[in-house]
Amino acid sequence: MYKLPVWRTIGEAYRFIWAARRDWLDYALGPIVVVSLVPALVSFIAFGTPSLTPPQPAPGQDPAGLFGPGIFAGIFLIWVVMIAVYVAFAVAWHRRFLLGPEATSPRELITWRRRHWRFLGKGIVLALLAALASAIVAFMIAFPMGAILGTMGNGGPGPQIAAVAVTWLFVLVIMGLLFVGPALAFPAAAVEDTGFGIGAGWTLSRGNRWRMLGVYVFGAIVLVFLLNVVFLLLIAGLRYLLQSGAGIDAEPSLAVEFVSALLSSAVYFLGIAIGVSLLSIMYRRLRDNVVLETEG
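In short, a report on the structure. (Residues numbered from 1 in each chain as written. Predicted model: local features only at pLDDT ≥ 70, side-chain atom pairs only at ≥ 80, totals over all residues. Heavy atoms only, no water.)

### A few points about the overall build of the protein chain
Step number 1: Regarding its fold elements, the protein chain presents nine helices and zero strands.
Step number 2: Out of the 296 residues belonging to the protein chain, those deemed buried represent 41%.
Step number 3: Counting contacts in the protein chain only where the partners sit at least 6 residues apart, residues at least 24 apart contribute 79% of the total.
Step number 4: Entry remark: accessible area of the protein chain is about 16,600 Å², with carbon and sulfur atoms responsible for 72%. (Helix = DSSP H or I, 4+ residues; strand = E, 2+ residues; numbered from the N terminus. Buried < 20%, exposed > 50% of the residue type's maximum accessible area, 1.4 Å probe, protein only. Contact = heavy atoms within 4.5 Å. Areas by Shrake-Rupley, 256 points an atom, 1.4 Å probe, with all protein chains shown as cover.)

In structure tokens form, the structure reads like this:
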């Protein structure tokens, strides 16, 4: 059986992102601007004033008084826009990697076709399955781990914190092993591989699930964490430079908020591009090297 190379897969994704950095900017620029402007639009709908940060209650004012019926419309708008932009970008980037620049272009971001509905449908199904599975796995692990670790140290806070940490670590690892294979259905949906579904992804990942989980942990999660640390440092420095004239404690201007939102969105879509590239590579490698079971 074909064994997925972990570090070669990660290296291939990074080389692709670097070689296609101009394409990434072409694909991601529109989504970055849209996502950055959504909070201002939501603020205008909910509070009547465009702002990238929620308003703060006046001294003595009940915070609940700030929220009217418009806040629910704003939250709904955020969810719709974020999901639509994510699906459009993920599908386009899957296709950019798997089909090449000749068969796709950034124009696909402004179209919505059957493959986008298939991609979204698989996401909804996997989200529902993950919610059910996480509840079952957490229930099965929480009680024995709590009984074992909770008795240490006479039930003090240290063992309790350790029990919670170890429990959720086990839950996350098990959930990763359960769903890293079915996630291969996403690149299949993006390139309209209609014969490949969630079950095929589970079958195709057999014998490689630990390797696939390692690819995501070391290739995406660790890197995105480091990128977010760098982003927070950049934002702190930017706020200091732009607000030093008005005083460090001054409220950030709309320009500062917007630049911060742009940088945050850029990190977000770079992380998506890395994760999508890794998933596309694993889909292509496993699809090309392992024969699926013949359907009846």
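From this point, things continue past the structure.
### Overview of the side chain of Lys122
Step number 1: Mapped onto the secondary structure, Lys122 falls in helix α4 (residues 114-150).
Step number 2: Comment: no salt bridge for buried Lys122; closest opposite-charge side chain is Asp193, at 9.5 Å. (Lys, Arg positive; Asp, Glu negative; His and termini not counted. Salt bridge = Lys/Arg side-chain N within 4 Å of Asp/Glu carboxyl O.)

### Looking at the packing of aromatic side chains
Step number 1: On inspection of all chains with the given rule, the structure shows 11 aromatic pairs.
Step number 2: Here Phe16 and Phe97 contribute two aromatic rings whose centre-to-centre distance is 4.7 Å and whose plane-to-plane angle is 85°, an arrangement assigned as edge-to-face. With Phe16 in helix α1 (residues 6-19) and Phe97 in helix α3 (residues 70-99), the pair connects residues that are 81 residues apart, well separated along the chain. Per residue, the accessibility class of Phe16 equals that of Phe97, and both read buried.
Step number 3: Among the aromatic residues, those joined into a ring-pair cluster are Phe16, Tyr27, Phe89, Trp93, Phe97, Tyr268 and Phe269.
Step number 4: One residue, Arg21, lies across the ring of Trp18, its end atom 4.1 Å from the ring centre.
Step number 5: Geometry around Trp202 places Arg209 over its ring, the cationic atom sitting 3.6 Å from the centre. (Phe/Tyr/Trp six-rings, centres within 6.5 Å; stacked < 30°, edge-to-face > 60°. Lys NZ or Arg CZ within 6 Å of the ring centre and 35° of its normal.)

### Description of a nonpolar patch on the surface
Step number 1: On the surface, Trp7, Phe218, Val222, Phe225, Leu226, Val229 and Leu233 cluster together to form a nonpolar patch covering roughly 760 Å² of accessible area.
Step number 2: Overall, the relative accessible area of 35% leaves Val229 in the partly exposed class. (Patch = residues over 30% accessible without salt bridge, like charges linked within 9 Å, V, L, I, M, F, W, Y side chains within 5 Å.)

### Topic: the pattern of salt bridges
Step number 1: Under the definition given, this model contains eight salt bridges.
Step number 2: Arg285 serves as the salt-bridge partner of Glu12, at 2.8 Å between the closest nitrogen and oxygen. Of this pair, Glu12 sits in helix α1 while Arg285 sits in helix α9 (residues 254-289); the two residues are 273 residues apart in sequence, bridging distant segments of the chain.
Step number 3: What makes Glu12 buried here is its relative accessible area of 18%.
Step number 4: A relative accessible area of 16% places Arg285 in the buried class.
Step number 5: The closest approach of N and O atoms between Asp23 and Arg96, which form a salt bridge, is 2.7 Å. Of this pair, Asp23 sits in helix α2 (residues 21-47) while Arg96 sits in helix α3, placing them 73 residues apart in sequence.

### Observations regarding the nonpolar core
Step number 1: With 58 residues, the main nonpolar core has Trp24, Phe89, Trp93, Leu184 and Phe269 as its most contacted residues.
Step number 2: Examining the composition of this core, we find that 11 residues originate from one element, α9, more than from any other.
Step number 3: If near-sequence neighbours (up to four positions away) are discounted, Phe89 is found in contact with Trp24, Tyr27, Ala28, Pro31, Leu109, Phe269, Ile272 and Ala273. (Core = buried A, V, L, I, M, F, W, Y, C linked by side-chain atoms within 4.5 Å.)

### Topic: unusual backbone geometry
Step number 1: Positioned with a positive phi, Glu192 is a non-glycine residue whose angle comes to about 60°.
Step number 2: Tracing the backbone shows Glu192 in the loop between α6 (185-190) and α7 (198-204).

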